[in-house]
Amino acid sequence: MMAVAEKAPKVVDVKAAEAPWYRRWLPLIGVGIIVLYCLLPFYWMIVSALRRPTDQFDNSIIPRHWSFTNFTDVFKAGTGFGRGLLNSLIVAGTVTILTLVIGMVAAYTLARLDFKFKNFVLAIIITTSMFPGISLVIPLKKLFSDIEWINTYQAMIVPSLSFALPLAVWNLTAFFRQMPRELEQAAMVDGCTPAQAFRKVIIPLAAPGVFTTAIITFIAAWNEFLIALSMVNKKEFQTANVVISQFTGTSGRDQPFGSQMAAGVVVTIPLVIAVLLFQRRIVAGLTAGGVK
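Residues numbered from 1 in each chain as written. Predicted model: local features only at pLDDT ≥ 70, side-chain atom pairs only at ≥ 80, totals over all residues. Heavy atoms only, no water.

Help me out: how do you make sense of the overall build of the chain in this one?
Within the chain one finds 14 helices and zero strands. The order of helices and strands in the chain, counted from the N terminus, is α-α-α-α-α-α-α-α-α-α-α-α-α-α. Residue pairs in contact within the chain that sit at least 24 positions apart in sequence constitute 71% of those at least 6 positions apart. A total of about 18,400 Å² of accessible surface is found on the chain, and carbon and sulfur atoms cover 70% of it. (Helix = DSSP H or I, 4+ residues; strand = E, 2+ residues; numbered from the N terminus. Contact = heavy atoms within 4.5 Å. Areas by Shrake-Rupley, 256 points an atom, 1.4 Å probe, with all protein chains shown as cover.)

Now the structure itself:
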């Protein structure tokens, strides 16, 4: 006669059962509020861009009449928006590449070499990033006028580089510090020079931190407005953000609210797509420097 196996009693989490409802739901509600707060402005920008120009001051949550007129108006001849996107890509791409090249070398030097006042140098580097950009506009404009840099790409690249480099050096220094020195030593035992060990061993292993720094730098340079507005007044050198701020309506006096929202969507979507595609790499880079 076969013995009938008794069913194992269900394990009940007494603490979870006794926990008040608000302890379970409040964290979810809080996350929902934060997500709504972050996404609501972008949603309103999209909705405003999809309204007809005659309905641009309509406050309905969903457009009553959908229209892509604002998007077509943005790319009309004479607006300079297409050229502005290209200029933004040139400036942001150049700033990102130069920041990575200079920042990796400087960060690796600070992380590996021992010399006097190293911590003081790091403190000076991070302090330079705390100066408000608006306080540097007048001195920079005077300097660039004297050396004839006004209405040039370098007038936008160099100031953006000065703001991006300190944070890049600081982040990459912390990242390189947590990498064991034995990696370079093993590579040099196998015949690599110090430069080859850095290029062939350290940089590939530091890819998450470098990639994260590149994304953050590119986004900051892409969104820069004050320097680009102050240093450039020729249409062919203006970035997309400056072009958007100078949109004019059909009469030249009305406010092209819908076109500005459409241009804002076009400028923002590439950044959103990049972050969504590479979010795992970004998170890995942000957390790798703090994990031993």
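In this structure, what is going on with the pattern of salt bridges? I would like to understand it.
A side chain of one charge can pair with a side chain of the opposite charge when the charged atoms of the two come close. For the structure shown, the criterion picks out seven salt bridges. The salt bridge involving arginine 52 is made with aspartate 55; its shortest N-O contact spans 2.9 Å. Judged by relative accessible area, which is 32%, arginine 52 ranks as partly exposed. Aspartate 73 is the salt-bridge partner of lysine 76, the closest N and O atoms lying 3.1 Å from each other. One salt-bridge network, held together by shared partners, links Arg51, Asp58 and Arg64. (Salt bridge = Lys/Arg side-chain N within 4 Å of Asp/Glu carboxyl O. Buried < 20%, exposed > 50% of the residue type's maximum accessible area, 1.4 Å probe, protein only.)

Before we go on, may I ask you to explain helix H13 (residues 257-277) in this structure?
Residues that lie three or four places apart on an α-helix share one face, since the helix turns once every 3.6 residues. For H13, with 21 residues, the first-to-last C-alpha span of 30 Å sits near the 30 Å given by 1.5 Å per residue. The sharpest bend along H13 comes to roughly 30°, located at threonine 268, with the proline proline 270 sitting one to four residues further on. Among all positions of H13, only Gly258, Ser259, Gln260, Met261, Ala262, Ala263, Gly264, Val265, Val267 and Leu271 are buried. Summarising the contacts, the buried residues of H13 are in contact with helix H2 (21-49), helix H3 (69-74), helix H4 (81-112), helix H10 (207-223) and helix H12 (240-245). (Expected span 1.5 Å × (residues − 1). Bend = angle between axes of the 7 residues up to and from the residue.)

It is not clear to me how the nonpolar core should be interpreted in this structure. Could you clarify?
If you look at soluble globular proteins, the nonpolar side chains tend to sit buried side by side. In terms of nonpolar packing, the biggest core is built from 36 residues, with Phe81, Met231, Phe247 and Val267 touching the most fellow members. With six residues, H13 is the largest single contributor of residues to this core. One finds Leu100, Ala107, Ala206 and Ala214 within the second-largest nonpolar core, a separate group that totals 14 residues. (Core = buried A, V, L, I, M, F, W, Y, C linked by side-chain atoms within 4.5 Å.)

In this structure, what is going on with H10? I would like to understand it.
Here H10 spans 24 Å end to end across 17 residues, near enough to the 24 Å set by a 1.5 Å rise per residue. Along H10, the positions that sit buried rather than exposed are Gly209, Val210, Thr212, Thr213, Ala214, Ile215, Thr217, Ala221 and Trp222.

Just checking my understanding: could you explain the side chain of arginine 51 for this structure?
Turning to its location among the elements, arginine 51 is positioned in the loop between H2 and H3. Among the polar contacts listed, one links the side chain of arginine 51 to the backbone oxygen of aspartate 58, at a separation of 3.4 Å. Apart from residues no more than four positions distant in its own chain, arginine 51 is found in contact with Trp44, Asp58, Asn59, Ser60, Ile62, Pro63, His65, Ser67 and Asn70. (Polar contact = N/O pair within 3.5 Å; in protein donor to acceptor, adjacent residues only side chain to side chain.)

Mind showing me how you'd approach the packing of aromatic side chains here?
When we look at a pair of aromatic rings, we describe it by the centre distance and by the angle of the planes. Applying the stated criterion across every chain yields a total of nine aromatic pairs. Seen from their ring centres, tyrosine 108 and phenylalanine 176 are 5.7 Å apart, and the 90° between their planes marks the pair as edge-to-face. Highlighted residues: tyrosine 108 in helix H4 and phenylalanine 176 in helix H7 (residues 154-177), separated in sequence by 68 residues. Across the pair, phenylalanine 176 and tyrosine 108 agree in class, each one buried. Ring geometry for phenylalanine 144 against tryptophan 149: centres 5.4 Å apart, planes inclined by 35°, an arrangement best described as tilted. With a relative accessible area of 2%, phenylalanine 144 lands in the buried category. Through pairs of rings, three or more aromatic residues link up here, namely Phe75, Phe81 and Phe247. (Phe/Tyr/Trp six-rings, centres within 6.5 Å; stacked < 30°, edge-to-face > 60°.)

What is the right way to read a nonpolar patch on the surface from this model?
Residues Trp21, Tyr22, Trp25, Leu26, Leu28, Ile29 and Ile33 make up a contiguous nonpolar surface patch of roughly 790 Å² in combined accessible area. Note on placement: isoleucine 29 falls in helix H2. Residue isoleucine 29 is classed as partly exposed on the basis of its relative accessible area of 42%. (Patch = residues over 30% accessible without salt bridge, like charges linked within 9 Å, V, L, I, M, F, W, Y side chains within 5 Å.)

Just checking my understanding: could you explain the environment of isoleucine 126 for this structure?
With respect to the helices and strands, isoleucine 126 occurs in helix H5 (residues 118-128). Taking relative accessible area as the criterion, isoleucine 126 reaches 17% and is therefore assigned buried. Between the C-alpha atoms of isoleucine 126 and proline 166, which are 40 residues apart in sequence, the distance is 5.5 Å. When near neighbours in sequence (up to four residues on either side) are disregarded, isoleucine 126 contacts Leu167 and Trp170.

How should unusual backbone geometry be read in this particular structure?
Backbone phi values are negative for most residues with the exception of glycine, while trans is the configuration of most peptide bonds. You will see that phenylalanine 117, though not glycine, has its phi angle at about 65°, which is positive. The residue phenylalanine 117 is located in the loop between H4 and H5 in this model. Even without a glycine there, the phi angle at glutamate 148 is positive, about 60°. Along the chain, the position of glutamate 148 falls in the loop between helix H6 (134-146) and H7.

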